[in-house]
Number of protein chains: 2
Amino acid sequence: MPAYQSAATLPDPSIIAAVPLFAGLDGPARARILAAAQWRRVKAGDAVFRQGDEAETFYVLVDGYLKAVQTNAGGQQILVHFVNPREFFACVAMMEGQRYPVTMLAIKDSVALAWNRAETMQLVRRHPAVAANALMGFGSRMLEFQSRLRDSQTEKAGRRIAQALLQLSRNSGRKTECGIIIDFPITRQDVAEMAGTTLHTASRTIAGWERDGVLSCSRQKIVVTDPDRLAALAEVAEES
Amino acid sequence: MPAYQSAATLPDPSIIAAVPLFAGLDGPARARILAAAQWRRVKAGDAVFRQGDEAETFYVLVDGYLKAVQTNAGGQQILVHFVNPREFFACVAMMEGQRYPVTMLAIKDSVALAWNRAETMQLVRRHPAVAANALMGFGSRMLEFQSRLRDSQTEKAGRRIAQALLQLSRNSGRKTECGIIIDFPITRQDVAEMAGTTLHTASRTIAGWERDGVLSCSRQKIVVTDPDRLAALAEVAEES
DNA sequence: CGTGTTATTGATAGATCTCAAAGATGGTGG
DNA sequence: CCACCATCTTTGAGATCTATCAATAACACG
């Protein structure tokens, strides 16, 4: 599996060069940061950390894909977000005494760089640019949350599902000749948990769109063949 | 109105001393930051900025209360959050070329400190502690959003309303002999928009709790008389 | 070729929204 | 000081969406 192979190539500064969090840092600084990091490998299906664990480690995903799921007291789950390569996650680790609010599961074999809290704090303090970058990354995730929160309250299930798929195709899609394919295995249940609905409703809705030719899918795979139509479905009520 | 009066007292470093964002800074640094700030006064009902405006200014609320509302394409609103004294807002201003994602309305006469983007960036770069504090503040708001997002998808309307009121009483409540009073005028519509429901459902639900003695309310005023019962309602299904 | 996971589909029940109207409340101006 | 008006709140009845329950079908893996 290529994901895992590339993990074998150890301290390579080029890996870190493309991480937005470290934008604006010079070579030596990056090398130092990289030197302070631990490598963490996680197999598909395993957890990087679990909801409720003491938040001690901050991560940057180098390769693979993760999903963050949160469970409420009643045992119901929602899928909070996906983590793509080059993104950072587990920012709570910067806050003293916090616990991870989500369980972070690998959906492909994955590799991450890890820093403990002391190192992370030092990182932020020594490199103001990193703090600024973190704030930006944080900010855009916040915006995404805001719009999801709004949608979950004002939109109907169908539109929320469209929204979720659209966002997925934009953030984690790979373009092919037959459409935008979502780069990791994803179940109807996942989509439902993202859109805040049940897998039944998600299944029905997606089946309908497949009939309409908006997308095509097989087991754990979704290909968006007509992104524009999908975007339209995410915006306006589907009339038919 | 006391809120407005205290605005008259100009550059007083003690104002800034209690702002968590500036925790860990020494006196001279605070004085410099304060000197770079503009004062901004807003009357109840007026907007500090509007959704879609170029995000150029970053703020710290000194006195009063604000609410952040977001409108979607269809004209439906949600109440994203409230801003309490000493909290910062409009972090998007740190990001180049962004627009405000919400409209920020004063619900009481309010006073804020304002910095333009250049000053804000300098602030963050010169004082790593500020960046760290901002990350924390951001982080806890993010956690709040996550749990709201989860609730909006997994919980019933009643519980979401309880959750909203509970959070409101904790963040913006003032303790009195007859219970925790929410410190600013708030309508059923506001509560509904916060909980992601309609004012009708909110009205009915709240009326029910008033009969049960959990809270008492009059026009634009809510007093939580039994916080424990309310907390219970927010956690477990109400059986009756 | 079993076996467990994932996906589809139908029928039903229930919560919540929508539509509609009337009842409070408090401030304003005559 | 009172009448009026805008805003906020309450309440009812019906429509609708979506969750829930239940079963079957398709698929991948060992």
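Predicted model, so just to flag it, every value in this text is computed and none were measured.

Assigned secondary structure in chain A consists of 9 helices and 12 strands. A compact globule built from 240 residues should have a C-alpha radius of gyration of about 18 Å, and chain A, at 19 Å, falls within 12% of that. Dimensions of chain A, computed from C-alpha atoms along their principal axes, come out at roughly 60 × 40 × 30 Å. Burial statistics for chain A: of 240 residues in total, 55% are counted as buried. Look at the contacts in chain A between residues 6 or more apart in sequence, and 70% of them connect residues 24 or more apart. Surface exposure of chain A reaches about 10800 Å², of which carbon and sulfur atoms provide 49%. Separation between the mean location of the 28 positive side-chain charges and that of the 25 negative ones in chain A comes to 2 Å.

A few words on the side chain of Gln146(B). Among the structural elements, Gln146(B) can be located in helix α5 (residues 128–154). Judged by its relative accessible area of 10%, Gln146(B) is buried. For Gln146(B), the contacting residues outside a window of four places in its chain are Gln70(A), Val80(A), Pro101(A), Val102(A) and Phe145(A).

The next subject is the environment of Cys178(B). Position of Cys178(B) among the secondary structure elements: in the loop between β9 (173–176) and β10 (179–182). Sequence-distant contacts of Cys178(B), defined by excluding residues within four places in its chain, comprise Val223(B) and Thr225(B).

Any two side chains of opposite charge can pair if their charged atoms end up close together. All names here are of chain B. Within the structure shown, the criterion is met by 14 salt bridges over all chains. We note a salt bridge from Glu144 to Arg148, for which the minimum N-O separation is 4.0 Å. Of this pair, Glu144 and Arg148 both sit in helix α5, 4 residues apart, which is roughly one turn of that helix.

Let us now look at the sheet that holds strand β5 (residues 77–83) of chain B. Residues and elements named next belong to chain B. Spatially, β2-β7-β4-β5 is the arrangement adopted by the 4 strands of the open sheet, whose pairing is antiparallel. The open sheet has two edge strands, β2 (47–49) and β5, and neither has a second partner. Neighbour to neighbour, the strand axes of the sheet diverge by 30 degrees on average, direction disregarded. Where strand β4 (residues 66–71) lies against strand β7 (residues 103–106), 4 bridges are found, and the strand directions are antiparallel.

The subject of this paragraph is the domain arrangement of chain A. Interfaces are often sized by the amount of accessible area the parts lose when they come together. Residues and elements named next belong to chain A. Once the domains are mapped, chain A shows domain 1 (2–152) and domain 2 (155–235). One C-alpha centre belongs to domain 1, the other to domain 2, and the line joining them spans 25 Å. Taken together, the contacts link 14 residues of domain 1 with 14 residues of domain 2. Here domain 1 and domain 2 share an interface that buries about 1300 Å² over both sides, 51% of which is from carbon and sulfur atoms. When the buried surface of domain 1 facing domain 2 is broken down by residue, Leu79, Phe82 and Asp151 rank first, second and third, together holding 38% of it. Viewed at the interface, domain 2 and domain 1 are joined by 1 salt bridge.

Around DNA strand C, 16 residues are found, and the nearest of them are Ser203(A), Arg204(A), Arg219(A), Ala157(B) and Thr201(B). Here the atoms of DNA strand C within 4 Å of the protein split so that 57% fall in sugar or phosphate, with bases taking the remainder. Here Arg219(B) contributes a side-chain N or O atom positioned 3.3 Å from a base oxygen of DNA strand C. Counting residues per element, the ones that place at least two in the surface near DNA strand C are α8 (199–212) of chain A together with α8 (199–212) of chain B. For the surface near DNA strand C, the element with the most residues is α8(A), which contributes 4 residues. Its residues placed into classes, the surface near DNA strand C shows 2 nonpolar, 8 polar and 6 charged.

Least-squares fitting of chain A to chain B yields an RMSD of 0.1 Å, with the superposition described by an axial translation of 0.1 Å and a rotation of 180 degrees. Between the two chains, the operation in question is that of a two-fold axis. Most of the interface of chain A is mirrored in chain B, where 100% of its interface residues again form contacts.

Bringing the protein's contact with DNA strand D into the picture now. Surveying the vicinity of DNA strand D reveals 17 residues, the closest of which are Ala157(A), Thr201(A), Arg188(B), Ser203(B) and Arg219(B). Looking at the surface near DNA strand D, the elements with two or more residues in it are α8 of chain A together with α8 of chain B. It is α8(B) that contributes the most residues to the surface near DNA strand D, 4 residues altogether. A per-class count over the surface near DNA strand D returns 2 nonpolar, 9 polar and 6 charged.

Calculation criteria
- Residues numbered from 1 in each chain as written.
- Chains lettered and ligands numbered in written order.
- Predicted model: local features only at pLDDT ≥ 70, side-chain atom pairs only at ≥ 80, totals over all residues.
- Heavy atoms only, no water.
- Helix = DSSP H or I, 4+ residues; strand = E, 2+ residues; numbered from the N terminus.
- Rg over C-alpha atoms; globule rule 2.2 N^0.38 Å.
- Buried < 20%, exposed > 50% of the residue type's maximum accessible area, 1.4 Å probe, protein only.
- Contact = heavy atoms within 4.5 Å.
- Areas by Shrake-Rupley, 256 points an atom, 1.4 Å probe, with all protein chains shown as cover.
- Lys, Arg positive; Asp, Glu negative; His and termini not counted.
- Charge placed at Lys NZ, Arg CZ, Asp CG, Glu CD.
- Salt bridge = Lys/Arg side-chain N within 4 Å of Asp/Glu carboxyl O.
- Pairing = 2+ DSSP bridges.
- Axes fitted to C-alpha atoms, helices over the stretch in contact; angles between N-to-C directions.
- Domains from an automatic or database assignment.
- Buried area = accessible area lost by both parts, 1.4 Å probe.
- Near = heavy atom within 4 Å.
- Polar contact = N/O pair within 3.5 Å; in protein donor to acceptor, adjacent residues only side chain to side chain.
- Nonpolar A, V, L, I, M, F, W, Y, C, P; charged D, E, K, R; others polar.
- Least-squares fit on C-alpha atoms with pLDDT ≥ 70 in both.

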